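Examining the three-dimensional arrangement
As a plain string of letters, each chain reads:
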Amino acid sequence: MTTRTKKVYKWEKECLEKYGEEVTQQMIKMQKDYEAKKGNNDCSGCGTANEGAIVEMKPNEPFLMHYGLWSRGRCNYCGRQSN
């Protein structure tokens, strides 16, 4: 029998401590939706390996931002055309 471990995102603990369970679960859902959209693209710049970061534009209003480096619509890490 194998045991599956839950993936823990690099920002998850801090988000939980700062914003609580409900907001953290919303951020996890946003990340999972992002990963589903990217399919089998595992690039750290434009794919599923990009876990993003919690950014706060206004106090206590976090959102998940996926950052990368693109030039003329292409990912500078893997060369894929962005969509």
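Quantities reported herein were computed from a predicted structural model and do not represent experimental measurements. (Residues numbered from 1 in each chain as written. Predicted model: local features only at pLDDT ≥ 70, side-chain atom pairs only at ≥ 80, totals over all residues. Heavy atoms only, no water.)

Our next topic: the pairing of strand β1 (residues 53-58). Inspection of the sheet shows β1 paired to strand β2 (residues 61-65) by 5 bridges, in the antiparallel sense. When the sheet's bridge partners are listed, Val 55 is paired in β2 with Phe 63. In textbook terms, the turn of a hairpin is the stretch between consecutive antiparallel strands, and for β1 and β2 this stretch comprises 2 residues, one of which, Asn 60, has a positive phi near 60°. (Pairing = 2+ DSSP bridges. Helix = DSSP H or I, 4+ residues; strand = E, 2+ residues; numbered from the N terminus.)

Bringing the nonpolar core into the picture now. Judged by nonpolar contacts, Tyr 9, Trp 11, Cys 15, Tyr 19, Met 27, Ile 28 and Leu 64 together constitute the single largest core of 7 residues. Those elements that place two or more of their residues in this core are α1 (12-19) and α2 (21-38). The residues contacting Trp 11, other than those within four sequence positions of it, are Met 27, Ile 28, Gln 31, Glu 51, Gly 52, Ala 53, Ile 54 and Leu 64. (Core = buried A, V, L, I, M, F, W, Y, C linked by side-chain atoms within 4.5 Å. Buried < 20%, exposed > 50% of the residue type's maximum accessible area, 1.4 Å probe, protein only. Contact = heavy atoms within 4.5 Å.)

A few words on the side chain of Asn 50. Inspection of the secondary structure puts Asn 50 in the loop between α2 and β1. Asn 50 sits in the buried class, given a relative accessible area of 2%. Within polar-contact distance, the side chain of Asn 50 engages the backbone oxygen of Tyr 67 at 2.6 Å. Ignoring any residue separated from it by four or fewer positions in sequence, one finds Asn 50 in contact with Gln 31, Tyr 34, Cys 43, Ser 44, Gly 45, His 66 and Tyr 67. (Polar contact = N/O pair within 3.5 Å; in protein donor to acceptor, adjacent residues only side chain to side chain.)

Let us look at the pattern of salt bridges. Considering all chains together, one arrives at 4 salt bridges under this definition. Residues Lys 7 and Glu 51 are paired through a salt bridge, measuring 3.8 Å at the closest nitrogen-oxygen approach. Note that Lys 7 is positioned in the segment before α1 and Glu 51 in the loop between α2 and β1, a separation of 44 residues in sequence. We note a salt bridge from Asp 33 to Lys 29, for which the minimum N-O separation is 3.0 Å. With Asp 33 and Lys 29 both in helix α2, this residue pair falls 4 residues apart, about one helical turn. Salt bridges here are not isolated pairs; linked through shared partners, they connect Lys 7, Glu 35 and Glu 51. (Salt bridge = Lys/Arg side-chain N within 4 Å of Asp/Glu carboxyl O.)

Along α1, the residues that are buried comprise Glu 12, Cys 15 and Tyr 19. Looking straight down α1, one finds that the buried residues subtend no more than 65° of arc, so they occupy a single side. Those residues of α1 that are exposed and angled more than 90 degrees off the buried face are Lys 13, Glu 14 and Glu 17. The inward-facing, buried residues of α1 contact α2, β1 and β2. Looking one or two residues past α1, Gly 20 carries a phi angle of roughly 95°, positive in sign. (Arc of directions from axis to C-beta.)

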